[in-house]
Amino acid sequence: MPVSIPKLMAQTPDIILKELKSKKFRPLYFLHGDEPYYIDSIAEELENKVVPESERGFNQFVLYGKDTDVAGVLSYARRFPFMAERQLVLVKEAHRLNGIEQKEQQQRLEDYALNPVPSTVLVFCYHANADERKSYLKACNANGVVVQSKKMYDNKLPDWVGSFCQHEGVKISPKAVQMLVDNIGNDLKRLSNEIRKIMVNLRVDEGIDATAIEKFVGISKEYNVFEFQKALMHRDVLKANQIAAFFASNSKDNPLAPVLIILFGFFSKLLLTHAARDKSEKGLAVELGVNPYFVKDYLLAARNYPMGKVVNIIHYLRESDGRLKGLDGTSIPEGELLRELVFKIVH
């Protein structure tokens, strides 16, 4: 009689991390996706919680995909812990596991997943997006858990930074959040590391503000993307050109591509500001998906840039992106492209 495999249940990284903090363990974890932060965070939590430190020498095994295969992993998983309640078998770089894409090996994994050793916690850290329709993954979910760690959309990053800081017990200003996001992007590992680095240097009663970002993250106080966007928003020709010149002379630390992405996001939201029926602070905050603190900036920019001008600016940004990638068959220095773009935006 065939074994009935339940449908995959939606499990988020946050749910699993909450379980682990309360020491609730599953016999099998399959962690996959294109965002390494949550895969690594869950794996680290399991390493710290499943086996007491005094028992790890005999009951905690870290394997690497390129050095083993499915059969080798399962031979560890089927062992029993040595004078302990449980053992941990952690497979890092599981996407490189020999034979993981072969049906025969997937069948072996499926068979184990349907009847796992209850005293073993088997963890696969698969740093790629796996096909959850595969029967072996459905089997992994039958007695364990399958978690996908997805790359975070840029518009979700400010909320993520705010939540992370709240979890770490530190306050952060909206401007500081935006500076981190604008200058670091959607690298959650680096964002979390930078926040923790700042926290080490703060007093107990101190929060993270723009000054702390400038001091401890190494972002220039005057010449950064946040200030560049602000200069354009105010249509401050002199300041915008000064920052553009600084970026041009330090192109390695200030590449043009991320700047274009940030400006495209800003002017796209500015277009929504013009089109919005509800132009109240609350209404625009919801419409734009931004902290209400920044709504006044969009209202100011809307006064400085009529809708027709904003449409043209978005066209200039797309055009600059294409030229940066050499789509027009020419090679133009980034600094020259940026200076030309600034001229088109503010005039």
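Scroll up to find the structure this text is about.
The structure presented is a predicted model; accordingly, all values stated were derived computationally and were not measured.

Draft legend 1. Inspection of helix 5 (residues 103–114) at higher detail. The terminal C-alpha atoms of helix 5, which comprises 12 residues, lie 16 Å apart, in line with the 16 Å expected from a rise of 1.5 Å per residue. What helix 5 keeps buried is the set Gln-105, Gln-106, Leu-109, Glu-110, Tyr-112 and Ala-113. The buried side chains of helix 5 occupy one side of the element, clustering within an arc of 165° when seen end-on. Of the exposed residues in helix 5, the ones pointing more than 90 degrees away from its buried face are Lys-103 and Glu-104.

Draft legend 2. Main features of a nonpolar patch on the surface. Side chains of Phe-58, Phe-82 and Met-83 sit close together on the surface and give an oily, nonpolar patch of about 420 Å² of accessible area. As for its placement among the helices and strands, Phe-82 is situated in the loop between helix 4 (70–77) and strand 3 (87–92). Classification of Phe-82 as partly exposed rests on a relative accessible area of 48%.

Draft legend 3. Representation of the pairing of strand 4 (residues 120–126). For strand 4, a buried count of seven out of seven residues is recorded, marking the element as mostly surrounded by other parts of the structure. Residue alternation in strand 4 divides its side chains into two sets, Thr-120, Leu-122, Phe-124 and Tyr-126 and Val-121, Val-123 and Cys-125, and both sets are buried. Sheet analysis places strand 3 next to strand 4, joined by five bridges and oriented parallel. Residue pairing in the sheet places Leu-90 in a bridge with Val-123 of strand 4.

Draft legend 4. Main features of the pairing of strand 1 (residues 28–32). Within strand 1, five of the five residues are buried, which leaves the element mostly enclosed by the surrounding structure. Burial of the side chains of strand 1 extends over both faces: Leu-28, Phe-30 and His-32 are buried on one face and Tyr-29 and Leu-31 on the other. For strand 1 and strand 4, the ladder comprises five bridges, and the chain directions are parallel. Its bridge partner being in strand 4, Leu-28 is matched across the sheet by Leu-122. In the sheet, strand 1 pairs with strand 5 (residues 145–148) via four bridges, with the strands oriented parallel. If you follow Tyr-29 over to strand 5, its bridge partner there is Val-145.

Rules of the game
- In this numbering scheme, every chain counts its residues from 1 along its sequence in written order.
- Given that the model is predicted, a residue must reach a pLDDT of at least 70 before its local features are reported, and side-chain atom pairs must reach 80 or more before they are shown or counted; all residues, however, enter totals for whole chains, interfaces and linings.
- Heavy atoms from the whole structure form the basis of all side-chain values; hydrogens and water molecules are not counted.
- To qualify as a helix, a DSSP run of H or I must reach at least 4 residues; to qualify as a strand, a run of E must reach at least 2; elements of each kind are numbered from the N terminus.
- Helix span, expected: 1.5 Å multiplied by one less than the number of residues in the helix.
- Whether a residue is buried, partly exposed or exposed follows from its accessible area with a 1.4 Å probe, protein chains only, as a fraction of its type maximum: under 20%, in between, or over 50%, in that order.
- The arc in question is formed by the directions pointing from the helix axis toward the C-beta atoms.
- The patches reported here contain residues having more than 30% relative accessible area and no salt bridge. Joining distances are 9 Å for like charges and 5 Å for nonpolar side chains (Val, Leu, Ile, Met, Phe, Trp, Tyr).
- All accessible-area figures derive from a Shrake-Rupley calculation using a 1.4 Å probe, and residue coverage is judged against the displayed protein chains alone.
- For this analysis, a salt bridge means a side-chain nitrogen from Lys or Arg found within 4 Å of a carboxyl oxygen belonging to Asp or Glu.
- When DSSP finds at least two bridges between two strands, those strands are taken to pair.

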